[in-house]
Amino acid sequence: MGTSSFTSDQARSTFALAYDEAMQRLWPAGWTSIDITTAYGPTRVNRFGPADGVPVVLLPGAAGNSLMWYRYVADLGRDYQVLAVDPVGEPGGSRQDKPIDNADDLTEWLGEVFTGLGVAQAHLIGCSYGGWTAMQYALRHPDRVATMTLLDPAGFGKVGGRFLAWVILGGLAGLAPRGVRHRAARWLRNATLLDDDLMGMARVSMSFRRRLPVPPSLTDDELRTSSTPALVLLGANSQLYDAASVAQRLRTVGSFHVDVVPDAGHDLPVSCPSLVVERALAFMAPSTTLLS
């Protein structure tokens, strides 16, 4: 499959400058970063909150990084140690040195991140592709995951042409002038287009070539065997799949806590950050974890 990378050193440098500036401006004061050595490449983890707090690992969606969580960090970091991961293979502070061909590779990488951080067990919050990654990791290492909060996660339903069209149109709208982009956001039900900071990062990421596996749909057997407490938040108008059908399947096949959020789409993490934080904190509250 090859490895993800920028098309040139200049493109990487331009992105890195914009990324560092945005992190300094958008994340709350007091955050720190660490680069974890893994077989798949050095992985940037941005940390905030009490060092002795229960760890919460944040996994972004495709083409995302720690910046997408800037509205979440302060609230989550009051009581928890927030560990926002820039996945290898995505544009961020990490670098991919080895191909990731399947879910086994992806979860091996994440396990190395856990080990490098000294985390024995953590809560996972994953958006879209990050939700699929969290689920795959929990299936293989249930002892290392206290809870999962999955935000319109990939791999839970059949993806059709509607989603691909939404992604393509959103990409084109992202290149348009600000006023046009904001009008397109309402038409496409994509709140990310309204976020000038995230869209600025999207523009400097255009020279990034992503080489990561497409999430296959989870089987009924996989859903049944999942033992990790999981909260699944779905956008009622999700462009990724039919949210009502996915919700019914999860409630029937597995032991998932499912909530369909009215008036939200696949942009749920950007359009409803307060709701997501409130539900996630409430879901994580009964559990305790330890740092190794």
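Quick caveat, the model's predicted, so the values are computed rather than measured.

The helix and strand tally for the protein stands at 11 helices and 10 strands. Over its C-alpha trace the protein gives a radius of gyration of 18 Å, about what one expects of a compact globule, namely 19 Å for 292 residues. Oriented by its inertia axes, the alpha-carbon framework of the protein measures out at about 45 × 40 × 40 Å. Considering the protein as a whole, with its 292 residues, one finds that 54% of them fall into the buried category. Of the contacts formed within the protein by residues at least 6 apart in sequence, a portion of 77% connects residues at least 24 apart.

What follows deals with the pattern of salt bridges. According to the stated counting rule, one finds 13 salt bridges in the structure shown. Close ionic contact of Asp104 with Arg140 constitutes a salt bridge, the shortest N to O distance being 2.9 Å. Of this pair, Asp104 sits in helix H3 (residues 103–117) while Arg140 sits in helix H4 (residues 129–140), placing them 36 residues apart in sequence. Asp104 gets classed as partly exposed once you look at its relative accessible area, which sits at 45%. In this structure, the salt-bridge partner of Arg279 is Asp259, at a minimum N-O distance of 2.1 Å. Residue Arg279 is located in helix H11 (residues 273–284), and its partner Asp259 is located in strand S10 (residues 257–261); the two are separated by 20 residues in the primary sequence.

Here we take up helix H9 (residues 243–253). Considered for burial, the residues of H9 that qualify are Ala243, Val246, Ala247, Leu250 and Val253. What you see down the axis of H9 is that its buried residues fit within an arc of 155°, all on one side. Across from the buried face of H9, at angles greater than 90 degrees, the exposed residues are Ala244, Gln248 and Thr252. Elements that come into contact with the buried residues of H9 comprise helix H8 (220–225), strand S9 (230–235) and S10.

Considered as a void within the structure, the largest pocket measures approximately 1500 Å³ in volume. If you go around the largest pocket, you meet 47 residues; those closest to its centre are Gly61, Ala62, Ala63, Gly64 and Val167. At seven residues, the largest contribution of residues to the lining of the largest pocket is made by helix H5 (residues 161–174). Looking at the lining of the largest pocket residue by residue, the class counts come to 29 nonpolar, 14 polar and four charged.

Bringing the environment of Gly41 into the picture now. Counting through the fold element by element, Gly41 comes out in the loop between strand S2 (32–36) and strand S3 (43–48). Classification of Gly41 as buried rests on a relative accessible area of 2%. Contacts of Gly41, omitting those with residues within four sequence positions, involve Ile36, Val88, Arg95 and Asp97.

Conventions used here
Residues numbered from 1 in each chain as written. Predicted model: local features only at pLDDT ≥ 70, side-chain atom pairs only at ≥ 80, totals over all residues. Heavy atoms only, no water. Helix = DSSP H or I, 4+ residues; strand = E, 2+ residues; numbered from the N terminus. Rg over C-alpha atoms; globule rule 2.2 N^0.38 Å. Buried < 20%, exposed > 50% of the residue type's maximum accessible area, 1.4 Å probe, protein only. Contact = heavy atoms within 4.5 Å. Salt bridge = Lys/Arg side-chain N within 4 Å of Asp/Glu carboxyl O. Arc of directions from axis to C-beta. 1 Å grid on protein atoms, 1.4 Å probe; cavity = no way out; pocket = protein on both sides within 12 Å on 5 of 7 lines; lining within 4 Å. Points joined across faces, edges and corners; volume = space filled by probe spheres on them. Nonpolar A, V, L, I, M, F, W, Y, C, P; charged D, E, K, R; others polar.

The values are spatial; any link to function lies outside them.
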